[in-house]
Amino acid sequence: MEIGQYNQLRINRMVDFGAYLVDDDTHEVLLPKRYLTPDMKVDDTVRVFVYNDSENRPVATTETPKAVVGDFALMRVKAVNKVGAFLDWGLVAKDLLVPFSEQRVDMQTGRSYIVRVYLDPASGRIVASAKLAKFLNRTEPDYYHREKVEVLVVQRSDLGYRVIINNEHWGQIYQNEIYQDVNIGDRLTAFIKQVRPDGKIDVTLSKIEKMRVDDLAERIHAYLESHGGEMALTDKSSPDDINKAFQCSKKDFKKALGLLFKQQKVILGSDTVKLT
């Protein structure tokens, strides 16, 4: 049974106030009555999240927290007291503590912050930290060009957005390569562009050029088929009009048109593009 993680546990016995679940080593944890459903019975296996209650006792829930131990996530501060800041974790009976020692700046009620959820080795409690750097870049990046990764958007910068890659490394997305709405706290699919000699990693939300152009060509072809086989957008159109229609750069749009022309699927006119 892992504290701070999802567990598949067996219902061992029913009681008036809930059900006791057991793991393979017969360690028990209580699933309170409010999480039971009429069809649950002894020996059923249920998927639950296990955490510590206010008295540091393990307890199970069928609710879904905003992050498990080892995850980074954006969470809102519900309250601040002499112990620290308490975040909305997504659990009815439990908020997540960020001790003052784990805050980069003094957290304020109502504001949201990116934090890392971890198990405090001293107390055994699940807590969070806003000091993200100490949890990142602890291993050598071994990503390959075009590798698909998951990123969490952490911070806006002059260059674009700083992100966390696969919960392990810092990365950078450049503003001139963004063709969609991006907000702090978004979890997005991205692709590795390069790992620099100094270990810094560039990622892109768009597929790497060949993949991107191939996909765009398919979208343009589908657009033409659904619009009578003709459109007024050409390689002479403005970048803004192209981006509005296809969420892409003019450079990629021209390459995609060139690919369709080479495949003899379109006719490129001075003011129109038509299907052959």
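Residues numbered from 1 in each chain as written. Predicted model: local features only at pLDDT ≥ 70, side-chain atom pairs only at ≥ 80, totals over all residues. Heavy atoms only, no water.

**Describing the packing of aromatic side chains**
We apply this condition: Pairing of aromatic rings covers Phe, Tyr and Trp, the last counted by its six-membered ring, and requires centre-to-centre distances within 6.5 Å; plane angles under 30 degrees mean stacked, over 60 mean edge-to-face, and any other angle means tilted. Burial here depends on accessible area, computed with a 1.4 Å probe over protein chains only, as a share of the maximum for the residue type. Under 20% is buried, over 50% is exposed, and the range in between is partly exposed. Secondary structure counts use DSSP, requiring at least four H or I residues in a row for a helix and at least two E residues in a row for a strand, with both numbered from the N terminus.
The tally for this structure, following the rule as stated, stands at eight aromatic pairs. Taken together, a centroid distance of 6.2 Å and an interplanar angle of 85° make the contact between phenylalanine 17 and tyrosine 20 edge-to-face. Since its relative accessible area comes to 19%, tyrosine 20 is described here as buried. Residues tyrosine 223 and phenylalanine 246 carry aromatic rings whose centres are separated by 5.3 Å and whose planes lie at 70° to one another, so their mutual orientation is edge-to-face. One end of the pair, tyrosine 223, is in helix α1 (residues 209-226); the other, phenylalanine 246, is in helix α2 (residues 239-246), with 23 residues separating them in the sequence. By relative accessible area, which is 29% here, tyrosine 223 ends up partly exposed. Each member of the aromatic cluster is reached from another via a ring pair, and the members are Tyr6, Phe49, Tyr51 and Trp89.

**Remarks on the pairing of strand β10 (residues 126-129)**
For clarity, the threshold we go by: Between any two strands, pairing holds if DSSP finds at least two bridges.
What you see with β10 is no split at all: Ile126 and Ala128 on one side and Val127 and Ser129 on the other are buried throughout. Summarising the sheet, strand β9 (residues 112-119) and β10 pair through four bridges and their orientation is antiparallel. Residue pairing across strands places tyrosine 118 opposite valine 127, the latter belonging to β10. Linking two consecutive strands that pair antiparallel, namely β9 and β10, is a turn of six residues; a positive phi of about 75° is found at glycine 124 within it.

**Notes on the sheet that holds strand β13 (residues 169-174)**
Here is the rule we go by: Think of each axis as a best-fit line through the C-alpha atoms, taken over the contacting stretch in the case of a helix, with angles from 0 to 180 degrees between the N-to-C directions.
Strand order in this closed barrel of five strands is β11-β12-β13-β15-β14, and the pairing throughout is mixed. Taken pair by pair, the neighbouring strands of this sheet meet at an average axis angle of 50°, ignoring direction.

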